[in-house]
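# Descriptive structure summary
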Amino acid sequence: MANKSDYLGLSWIVSLILAIIPITSCILGIVTRFMDGSVVAGVVRIVITITGIGALILWIIDLVMMITKKSILRVL
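A brief report on the enclosed structure follows. (Residues numbered from 1 in each chain as written. Predicted model: local features only at pLDDT ≥ 70, side-chain atom pairs only at ≥ 80, totals over all residues. Heavy atoms only, no water.)

### What to know about unusual backbone geometry
What counts here: Runs of H or I in DSSP of at least four residues are treated as helices and runs of E of at least two as strands, each being numbered from the N terminus. For every residue, the accessible area (1.4 Å probe, protein chains only) is compared with the maximum for its type, and the residue is labelled buried under 20%, exposed over 50%, or partly exposed between those bounds.
Phi at Leu 8 is positive, roughly 55°, even though this residue is not glycine. Take Leu 8: it is sitting in the segment before α1 (12-20). Leu 8 gets classed as partly exposed once you look at its relative accessible area, which sits at 44%.

So, in structure tokens, the structure goes:
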């Protein structure tokens, strides 16, 4: 069985491909936060995504974390 990663329990390579695409990264980042039970972090990600403030920075951080740690940032 493949090693489970971050986005919806998908494999690391699939999660990495989804993290490279900004739209899927934003959507799945929000979904992942709510699935983890972090309602506040999910709402913060929604606000960041809708307003655009910091969305690029958050996407870059998630991408770097996915490559290096095989998991996206758990704080936000």
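### As for the environment of Arg 33
Position of Arg 33 relative to the elements: it lies in helix α2 (residues 22-35). A residue is classified by how much of its surface remains accessible, and Arg 33, at 1% relative accessible area, is buried. Each C-alpha atom, one on Arg 33 and one on Val 43, is 8.8 Å from the other, the two residues being 10 residues apart in sequence.

### What to know about the packing of α1 against helix α4 (residues 55-69)
For clarity, the cut-off: Fitting a line to C-alpha atoms yields each axis, with helices limited to the stretch in contact; the angle taken between N-to-C directions then spans 0 to 180 degrees. Relative orientations are named as follows: roughly parallel for angles under 35 degrees, roughly antiparallel for angles over 145 degrees, roughly perpendicular for angles from 65 to 115 degrees, and oblique for any other angle. Crossing handedness is defined as follows: a turn of the near helix away from the far one that is anticlockwise and smaller than a right angle gives a left-handed crossing, while the clockwise case is right-handed. Contacts are assigned to residue pairs with any non-hydrogen atoms lying within 4.5 Å of each other. Throughout this entry, Asp, Glu, Lys and Arg are counted as charged residues, while Ala, Val, Leu, Ile, Met, Phe, Trp, Tyr, Cys and Pro are counted as nonpolar. The remaining residues, Gly among them, count as polar.
For the pair α1 and α4, the least separation of the axes is 10 Å and the interaxial angle reads 160°. When the axes of α1 and α4 are compared, the pair comes out roughly antiparallel. For the pair α1 and α4, the crossing hand works out as left-handed. Of α4, the residues touching α1 (which contributes Trp 12, Ser 15, Leu 16, Ala 19 and Ile 20) are Trp 59, Leu 63, Met 66 and Ile 67. Counted by class, the contact of α1 with α4 contains eight nonpolar, one polar and no charged residues.

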